[in-house]
Amino acid sequence: MCARDCSDNCKDKSCMNNNGYCLECTPGKYGPFCTFDCLGKCKDNICQQIDGLCTGCKDGYFTDHCDRRCPSSCTTDVCDMITGYCTAPVQPTQPGSFNIAAAGIGITSGLVILTLVVLVIILVRRLSRYKRDNMNLTHMKDLSQSVRREDLQKNTEGTYDEIGSHTKTQPTETNRTDTNYEQLNALEREPSHVYETA
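Cut-off values and rules
- Residues numbered from 1 in each chain as written.
- Predicted model: local features only at pLDDT ≥ 70, side-chain atom pairs only at ≥ 80, totals over all residues.
- Heavy atoms only, no water.
- Helix = DSSP H or I, 4+ residues; strand = E, 2+ residues; numbered from the N terminus.
- Buried < 20%, exposed > 50% of the residue type's maximum accessible area, 1.4 Å probe, protein only.
- Contact = heavy atoms within 4.5 Å.
- Salt bridge = Lys/Arg side-chain N within 4 Å of Asp/Glu carboxyl O.
- Disulfide = S-S within 2.5 Å.
- Patch = residues over 30% accessible without salt bridge, like charges linked within 9 Å, V, L, I, M, F, W, Y side chains within 5 Å.
- Areas by Shrake-Rupley, 256 points an atom, 1.4 Å probe, with all protein chains shown as cover.
- Lys, Arg positive; Asp, Glu negative; His and termini not counted.
- Charge placed at Lys NZ, Arg CZ, Asp CG, Glu CD.
- Core = buried A, V, L, I, M, F, W, Y, C linked by side-chain atoms within 4.5 Å.
- Phe/Tyr/Trp six-rings, centres within 6.5 Å; stacked < 30°, edge-to-face > 60°.

Caption draft 1: Quick peek at the side chain of Thr63. Structurally, Thr63 is set in the loop between strand E3 (61-62) and strand E4 (68-69). According to the relative accessible area criterion, Thr63 is buried, its value standing at 15%. Residue contacts for Thr63: discarding those within four places in its chain leaves Cys57, Arg68 and Met81.

Caption draft 2: Representation of the pattern of salt bridges in the model. Counted according to the given criterion, the structure contains 4 salt bridges. Salt-bridge contacts for Glu24 lead to Lys11; the nearest nitrogen and oxygen are separated by 3.6 Å. You can see Glu24 sitting in the segment before strand E1 (29-30) and its partner Lys11 sitting in the segment before E1, a full 13 residues away along the chain. Note that Asp37 is salt-bridged to Lys29, the shortest N-O span being 2.6 Å. A relative accessible area of 49% means that Asp37 is categorised as partly exposed. Assessed through its relative accessible area of 21%, Lys29 is described here as partly exposed.

Caption draft 3: Layout of the state of the cysteines. Counted by the stated rule, this structure contains 8 disulfides. Disulfide pairing places Cys57 opposite Cys66 at an S-S distance of 1.9 Å. Looking along the S-S bond of the Cys57-Cys66 disulfide, the torsion reads about -85°, which is the left-handed sense. Both residues of the pair, Cys57 and Cys66, belong to the buried class. Residue Cys70 pairs covalently with Cys79 via a disulfide, S to S 1.9 Å. With the S-S dihedral at roughly -70°, the linkage between Cys70 and Cys79 falls on the left-handed side.

Caption draft 4: Broad picture of the environment of Gly84. Residue placement: Gly84 occurs in the loop between E4 and helix H1 (100-183). Residues Gly84 and Phe62, 22 residues apart in the sequence, show an inter-C-alpha distance of 5.9 Å. The contacts of Gly84, once residues within four sequence positions are left out, are Phe62, Pro71 and Cys79.

Caption draft 5: Structural view of a positive patch on the surface. Positive charge collects at one region of the surface, where Arg125, Arg126, Arg129 and Arg132 lie side by side. Secondary-structure assignment places Arg126 in helix H1. Take Arg126: its relative accessible area is 57%, and that puts it in the exposed class.

Caption draft 6: Region of the structure containing the nonpolar core. Within the largest apolar cluster, 8 residues are counted, these being Tyr30, Cys38, Cys42, Cys47, Cys54, Cys57, Tyr61 and Cys66. Cys6, Cys10, Cys25 and Cys34 belong to the second-largest nonpolar core, a separate cluster that totals 6 residues.

Caption draft 7: Region of interest: a nonpolar patch on the surface. Together, Ile107, Leu111, Leu114, Val118 and Ile122 make up an exposed nonpolar region whose accessible area comes to about 460 Å². Looking at the secondary structure, you find Val118 in helix H1. Judged by its relative accessible area of 41%, Val118 is partly exposed.

Caption draft 8: Spotlight on the packing of aromatic side chains. One pass over the full model with this rule turns up 2 aromatic pairs. Ring geometry for Tyr21 and Phe33: centres 5.1 Å apart, planes at 75°, overall edge-to-face. Of this pair, Tyr21 sits in the segment before E1 while Phe33 sits in the loop between E1 and strand E2 (36-37), placing them 12 residues apart in sequence. The partly exposed category is assigned to Tyr21, whose relative accessible area is 36%. A relative accessible area of 36% places Phe33 in the partly exposed class.

In short, geometric facts, not functional conclusions.
This is the structure in structure tokens:
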């Protein structure tokens, strides 16, 4: 029952038997019989057969109809088909124009350097204060040790004199005890804890 021919815009001249709708359109066409031209700047001039929306855009265009230009800052003139954001690196700005990214990097670097300088100053001050305190402590220890040595020397000189004075009187007392001991009779001189064995 092929009484009629498929549309010339049907790819490979193939269509449905019952109604003649094209199975697929030739590039640049859409619709049931592929009679409408694709909208906008579709990549490779291909669009969806039902509604004519582009499946991809030519370089430099975006939206589903590919009818809007990509921003001029896109270096390769390629942007996202839906959002329009550049998909390649952004072009460098013109000389004399303000670059926010470069300013942000510069400010951040400056703050990091400033922070490091402040930290170094604080550490140097603490180290010098620590050394100064240790020097004072060492000096105080030396002073206190020298004062102690002087006191000990003074005390020891007097101590030797006192010991010498005590030793001079002790022999006289010892001599008295020895004479008293010799005066006791022989029985009293034996210790009482000695027992005779039989």
